[in-house]
Amino acid sequence: MSSKDTRDEAVSEDGKLNRRNMLFAGSTLAAASALTSTPSSPEPAGASGAYSNSAITLQPPGNEVPASKQERVLAAKIARAMLSGPRDITKDATVAEMGADGSLIILHQGTNDWVCFPGDENEIGNVPMCADPMGLQWMMDIRAKKPKPTNTAPGLIYMLCGATQHSNTDPFDRTSPAIPIGPHWMIIWPYDAKRCGLPNTVRDAGAWVMFDGTPYAYLHICGTPWVGNEYEAGRVPIWTMRYGGQSQT
Ligand SMILES: [Cu+2]
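Every chain is numbered on its own, with residues counted from 1 as its sequence reads. Local features in a predicted model are, by the rule used here, given only for residues with pLDDT of at least 70; side-chain atom pairs are given and counted only at 80 or more, and totals for whole chains, interfaces and linings are based on all residues.

Q: What is the right way to look at the overall build of the protein in this model?
A: Each helix and strand in the protein was counted, giving 8 helices and 10 strands. When the 249 residues of the protein are sorted by exposure, 30% land in the buried category. Residues are treated as contacting if the C-beta atoms built from their backbones sit within 7 Å of each other. For the protein, long-range pairs separated by at least 24 residues make up 52% of all intrachain contacts whose partners lie at least 6 apart in sequence. Think of it this way: any DSSP run of H or I at least four residues long counts as a helix, any run of E at least two long counts as a strand, and we number them from the N terminus. Residues with at least 20 other C-beta atoms within 10 Å of their own are called buried, those with 12 or fewer are called exposed, and the rest are partly exposed. The C-beta atoms themselves are positioned from the backbone.

Here it is as structure tokens:
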């Protein structure tokens, strides 16, 4: 069954996740392919749902669906948060939500120093993510509208479920319409696009410097680091080529 079929299966006619579908769609492999696959033909009418709530709110395979609604919501939030970053990190990470006052509400206490968030699809920019301490500090500084970030070393943030954002140029914009952004990860350090020879505009592949020229500039890298094939001794290189304009070299 293709990843698209899996996504369709995840929601029943009444729009709710049911146990059979949640368990079936709960395959991490299915989730990974849903997040990284590129359709080879035009999408049929309607939303693909590739990064929708139903596609990323998946219980790990074999997990029992909790009995109470409150527990189900909590389990869904934790599952969403844990899909935002590499499994080796998220399996031991703390899961939290951001309180209105900027405090962290812990949903699940982890054992490493990463914090993952389920996000809230009803809010632009409130997206599933997984941050290390320096990345989280930078994120909290933006929320507090500090004139510049206080992280003293590069941070890392994963947003492998995709994102929405108000602006590519103003870190404090809270009103502009949503920009849709694909799965990505972020190196939190003030890169300068011109000095580095990098783009600074929103793209669906490659990388760019977001908030370029501001103290909050950072390197936004599209996709997941795990795409591609691992080298093993004996494997041969296979080159591909394509035609393009001179400006693309
Ligand atoms: Cu991001």
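Don't stop here, the text continues.
Q: Would you explain the pairing of strand β10 (residues 218-222) in this entry?
A: Along any regular strand the residues' side chains alternate between the sheet's two faces. Where strand β8 (residues 184-188) meets β10, 4 bridges bridge the pair, whose relative direction is antiparallel. Paired with methionine 186 across the two strands is histidine 220, which belongs to β10. Paired strands, in this sense, are two strands between which DSSP finds at least two bridges. For strand β9 (residues 207-210) and β10, the ladder comprises 4 bridges, and the chain directions are antiparallel. The residue bridging tryptophan 208 from the neighbouring strand is histidine 220, located in β10.

Q: Any chance you could explain the sheet that holds strand β2 (residues 104-108) here in plain terms?
A: Either a parallel or an antiparallel arrangement is found when strands of a sheet pair, and the pairing is made through backbone hydrogen bonds. Strand order in the open sheet formed by 8 strands is β2-β1-β3-β4-β5-β8-β10-β9, with mixed pairing between adjacent strands. Edge strands, defined here as strands with exactly one partner in the open sheet, are β2 and β9. Sheet twist, expressed as the average angle between the axes of neighbouring strands with direction ignored, equals 25 degrees. In the sheet, strand β1 (residues 94-98) pairs with strand β3 (residues 115-117) via 2 bridges, with the strands oriented parallel. Residue pairing across strands places threonine 94 opposite valine 115, the latter belonging to β3. Axes, fitted as lines to C-alpha atoms, cover a helix only where it is in contact. Angles between the N-to-C directions of the axes lie from 0 to 180 degrees. Set on the sheet, helix α5 (residues 69-82) makes contact with β1, β2 and β3; between it and β2 the angle comes to about 100 degrees.

Q: Would you take a moment to explain the nonpolar core for this structure?
A: In a soluble, globular protein the nonpolar side chains are often hidden away together inside. Grouped together as the largest cluster of nonpolar side chains are 37 residues, with contacts concentrated most on Cys116, Met129, Cys130, Ala131, Ile157, Met159 and Tyr218. Elements that contribute at least two residues to this core include exactly α5, β1, β3, β4 (129-131), α7 (133-143), β5 (155-159), β8 and β9. Per-element tally for this core: the top contributor is α5, with 5 residues. Setting aside residues no more than four positions away along its own chain, methionine 159 makes contact with Ser84, Val127, Pro128, Met129, Pro183, His184 and Trp185. Note on definitions: a nonpolar core is a set of buried residues drawn from Ala, Val, Leu, Ile, Met, Phe, Trp, Tyr and Cys, linked by C-beta atoms within 7 Å.

Q: Which parts of the structure should I look at to understand the environment of threonine 175?
A: As for its placement among the helices and strands, threonine 175 is situated in the loop between β6 (163-165) and β7 (179-181). Separated by 51 residues in the primary sequence, threonine 175 and isoleucine 124 have C-alpha atoms spaced 9.0 Å apart.

Q: Hey, could you run me through α7 in this one?
A: One full turn of an α-helix is made of 3.6 residues, so residues set three or four places apart face in the same direction. Within the sequence span of α7, burial applies to Gly135, Leu136, Trp138 and Met139. Around the axis of α7, the buried residues are gathered within 160 degrees of arc, so they sit on the same side. Each direction from the helix axis to a C-beta atom contributes to the arc, which is the arc of those directions.

Q: Where do I start with unusual backbone geometry in this structure?
A: Across residues other than glycine, the phi torsion is negative in most instances, and most of the peptide bonds are trans. Its identity is not glycine, yet lysine 145 carries a phi of approximately 55 degrees, on the positive side. By the secondary structure assignment, lysine 145 is in the loop between α7 and β5. For lysine 145, a count of 9 C-beta atoms within 10 Å corresponds to the exposed category.

Q: Looking at this structure, how should I read the environment of isoleucine 142?
A: Assignment of secondary structure puts isoleucine 142 in helix α7. Residue class for isoleucine 142 comes out partly exposed when judged on the 14 C-beta atoms lying within 10 Å of it. For the pair isoleucine 142 and tyrosine 216, spaced 74 residues apart in the sequence, the C-alpha separation amounts to 8.0 Å. Once you skip the residues sitting within four places of it in the chain, isoleucine 142 turns out to touch Pro171 and Tyr216.

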